[in-house]
Amino acid sequence: MSNFIHSVSLNVSKCKGCTSCLRRCPTEAIRIKEGHAVIDSERCIDCGECIRACPHKAKKAVCSPFEKINEFKYKIAMPAPTLYGQFNNLDDIDYCLQGLLDIGFDDVYEVSYAAEFISAYTRLYLKKEDIKKPIISSACPVIVRLINLRYPSLCDNIMPIIPPMELAAIFARQKAKKKHPELKDEDIGVCFISPCPGKSSYVVNDELGKKENVDVVLAMNDIYFRLLAVMKGEKTPKPLSKSGLLGIGWAVSGGESSALFSDKYLAADGLENVIQVLEEIDNGKLPELDFVELNACNSGCVGGILTVENPYIAKAKMQSLRKYLPVSGAHPDDKIPNEAYFENVNCFKPIQQFSDNMQESMRLMSEIQTVCSNLPEIDCGSCGAPTCLAFAEDVVLKGADINNCIINMKDYLLQKLEEKKDESYDS
Amino acid sequence: MSEAINFHYVVDGDDFTSAGEASVDIKRKLRQLGVDPAIIRRVSIAMYEGEVNMVIHAEGGTVDVNVYEDKIEMILSDEGPGIANVELAMKAGFSTAPDYVRSLGFGAGMGLPNMKSYTDGMEIDTKIGVGTTITMVVNLK
Ligand SMILES: Nc1ncnc2c1ncn2[C@@H]1O[C@H](COP(=O)(O)OP(=O)(O)O)[C@@H](O)[C@H]1O
Ligand code: SF4
Ligand SMILES: [Mg+2]
């Protein structure tokens, strides 16, 4: 069994079992059972596609409630740069950061500022000799999990450097301790304002090594409405923002790459595109590339499920916000510090494998082929599985009832009907 | 169990955009069987090249992948024009691909050489005007 804690959850009472989400799931993790959806925890990558697809709002992203911040004496808000693209007529990031202080945080620390350090580290990392190119960005946790589940030979291509949010949390904590030496570790609450459930899963699971830097993950849409109430522009905000345009650029697909000052990169966004690109890399088709930036959401994090603004509009707003900013606010040393590395990146989980024994796997495979050859191959979804093949796999591997296929069911019912007729003739 | 498992694919020669789909599918199957990732990679690259060749040079064909306990065999058959000079075709960089194909990044003349280097055995059976059958083997042990 998997012990991965997910951040996409289902409200069974709202789910009508309508199959809207079934085929949208990129890892075929959803089945409809007993009239409602069930998510396979081992396969789910927390991409949120099913949340987007559900017409009944039965699926939702799980974050911490805002009140959770009160468990800490010293609360630090850590906004993802995407937050800045959510507001109308925002011409200075400081209004937004001041707003965070006004709703109850003691300090703010911009993830975009830390992102500039990660960009610098990436530039250094790409110069190393003994690395497997193309290097794949580790910033979108959904992509990292997708690779770990589906692309065993690409696990070593993932950049072993922590995402900006993690580094920001380390810095934020250090800053707080310096400013207030009397604070104990447990007094400090580092609260990340997240565009997606994927980041939330990243924080609560320690697959990539132990990390205890982020304490609370808050939903961006929740914080947005709280900020609207206080961001009236009445007072002059404190000069809080330290980011340059490179860091802010991370919110949009292509932003992370453009900070590498190289043209040997590719940036793809949206899971379907990403999967196509991964297949190409897996086939050794893109040898000329140094770096590959992949974002699960369309347009990048501005397309995250917890954002409020349309991704394209948010993108335009970010562009005008970046306009008069310095290129980079951060100027890190020419060395990647140890704390910026993941403990383990390659944690390939062969979940697709039928069994540890190849002979047994082959036996199961031929059984699946036999079952599948008797299915109509129309992928109608009424059996509760996304495709006829997935259903055949469920029948052989998980003991699903073959009569869940309506075609088989029809034959079965006709046979029952015949039997009943015979009975009534008899009597 | 000593029987092989067969996966059969029809490669559509009319649809250039679907070239490569069979090699994506075989990857998934081999993963399910628990084949070593490095071997999966070799099989799928070799098959991808062969599949693309069938679409570019031979108006499509079929691929049969037979998985045995000790080896994976790929048989790519087409009823295309055949290869006039196999020795020449095997040379790195040799290509008769039309320009529009090159502009898409194919036609570098590395397909056949790669198919040979990624597999443990390759045989080409070809006849002008009749077609080409290429059999490749990758050992599992
Ligand atoms: N299935 C095939 N049918 C006919 N000709 C082929 C076939 N496969 C390869 N060829 C010939 O061999 C040449 C070399 O193939 P390959 O090394 O894959 O290079 P490329 O496909 O880039 O041209 C091709 O240009 C073509 O003339
Ligand atoms: S692209 Fe950004 S918002 Fe979307 S899942 Fe990845 S990290 Fe989250
Ligand atoms: Mg070729």
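Residues numbered from 1 in each chain as written. Chains lettered and ligands numbered in written order. Predicted model: local features only at pLDDT ≥ 70, side-chain atom pairs only at ≥ 80, totals over all residues. Heavy atoms only, no water.

**Q** So what's going on with the overall build of chain B? Which residues, and what values?
**A** Tallying secondary structure elements over chain B gives 5 helices and 5 strands in all. Expressed as a percentage of the 141 residues in chain B, the buried residues total 45%. Across chain B, the fraction of contacts at a sequence separation of at least 24, relative to all contacts at a separation of at least 6, is 62%. Accessible surface computed for chain B: about 6800 Å², of which carbon and sulfur atoms make up 49%. The averaged location of the 21 negative side-chain charges in chain B is 7 Å from the averaged location of its 12 positive side-chain charges. (Helix = DSSP H or I, 4+ residues; strand = E, 2+ residues; numbered from the N terminus. Buried < 20%, exposed > 50% of the residue type's maximum accessible area, 1.4 Å probe, protein only. Contact = heavy atoms within 4.5 Å. Areas by Shrake-Rupley, 256 points an atom, 1.4 Å probe, with all protein chains shown as cover. Lys, Arg positive; Asp, Glu negative; His and termini not counted. Charge placed at Lys NZ, Arg CZ, Asp CG, Glu CD.)

**Q** Give a detailed account of the domain arrangement of chain A, specifying residues and quantitative values.
**A** All names here are of chain A. Annotation of chain A at the domain level lists domain 1 (1–62), domain 2 (66–341) and domain 3 (354–427). Contacts between the two partners involve 8 residues from domain 1 and, on the opposite side, 11 residues from domain 3. At the boundary of domain 1 with domain 3, total buried surface from both sides reaches about 740 Å², with 43% on carbon and sulfur atoms. It is Arg23, Glu28 and Arg31 that lose the most area in domain 1 upon contact with domain 3, and together they represent 60% of the buried surface on that side. Our count for the domain 1 to domain 3 interface comes out at 2 salt bridges. Here Asp394 and Arg31 are joined by a salt bridge, their closest N and O atoms 2.4 Å apart. For the pair domain 1 and domain 3, the interface holds 4 residue pairs in polar contact (both at pLDDT 80 or more). (Domains from an automatic or database assignment. Buried area = accessible area lost by both parts, 1.4 Å probe. Salt bridge = Lys/Arg side-chain N within 4 Å of Asp/Glu carboxyl O. Polar contact = N/O pair within 3.5 Å; in protein donor to acceptor, adjacent residues only side chain to side chain.)

**Q** Account for the sheet that holds strand β9 (residues 216–219) of chain A, with residues named and values stated.
**A** Residues and elements named next belong to chain A. One open sheet accounts for 4 strands, arranged β6-β5-β8-β9; its pairing is parallel. Each edge of the sheet is formed by a strand with only one pairing partner; in this case those strands are β6 (107–108) and β9. The pairing of strand β8 (residues 188–194) with β9 spans 4 bridges and is parallel. Residue pairing in the sheet places Phe192 in a bridge with Val217 of β9. Sheet contacts for helix α7 (residues 220–230): β8 and β9; angle to β9, the most-contacted strand, approximately 70°. (Pairing = 2+ DSSP bridges. Axes fitted to C-alpha atoms, helices over the stretch in contact; angles between N-to-C directions.)

**Q** Please set out the environment of Ala58 of chain A residue by residue, giving values where relevant.
**A** Residues and elements named next belong to chain A. Checked against the element boundaries, Ala58 lands in the loop between α1 (49–53) and β4 (59–61). Distance from Ala58 to Leu10, taken between C-alpha atoms, is 5.7 Å for residues 48 residues apart in sequence. Leave out the neighbours within four places in its chain, and Ala58 touches Ser9, Leu10, Asn11, Lys14 and Cys15.

**Q** Help me get a handle on the state of the cysteines, residues and values and all.
**A** All names here are of chain A. Within the structure shown, the criterion is met by 0 disulfides over all chains. For the unlinked cysteine Cys21, the closest cysteine sulfur is that of Cys50, found at 6.2 Å. According to the relative accessible area criterion, Cys21 is buried, its value standing at 7%. Of all cysteine sulfurs in the structure, the one in Cys63 sits closest to Cys191, which takes part in no disulfide; the separation is 12 Å. (Disulfide = S-S within 2.5 Å.)

**Q** Got a sec to walk through the interface of chain B and chain A? Specific residues and values, please.
**A** Frequently, the measure chosen for interface size is the accessible area that the parts lose on association. Each side of the interface is counted separately: chain B has 24 residues, and chain A has 25 residues. Counting the surface lost from both chain B and chain A, the interface buries some 2300 Å², and carbon and sulfur atoms represent 55% of this. Taken together, the links from chain B to chain A amount to 6 salt bridges. A salt bridge links Glu393 of chain A to Arg28 of chain B; the shortest N-O distance between them is 2.8 Å.

**Q** With reference to specific residues and values, describe the side chain of Ser137 of chain A.
**A** Residues and elements named next belong to chain A. Here Ser137 is to be found in the loop between β7 (135–136) and α4 (141–150). From its side chain, Ser137 meets the backbone nitrogen of Ala139 in a polar contact 3.0 Å long. Setting aside residues up to four positions removed in sequence, Ser137 forms contacts with Glu256, Phe291, Val292 and Glu293.

**Q** Account for the site of ligand 1, with residues named and values stated.
**A** Residues and elements named next belong to chain B. Taken together, 19 residues lie near ligand 1, and Asn53, His57, Ser95, Thr96 and Gly109 sit nearest. Within the side chain of Thr96, an N or O atom sits 2.5 Å from an oxygen atom of ligand 1. Between an oxygen atom of ligand 1 and a main-chain N or O atom of Gly109, the distance comes to 2.7 Å. Considered on its own, ligand 1 offers 530 Å² of accessible surface; in the complex 94% of this is hidden by protein. Here ligand 1 is seated within the second largest pocket. Mapped by element, the contributors of at least two residues to the shell around ligand 1 are α2 (37–58) and α5 (111–118). (Near = heavy atom within 4 Å. 1 Å grid on protein atoms, 1.4 Å probe; cavity = no way out; pocket = protein on both sides within 12 Å on 5 of 7 lines; lining within 4 Å. Sits in = over half its atoms within 2 Å of the grid points.)

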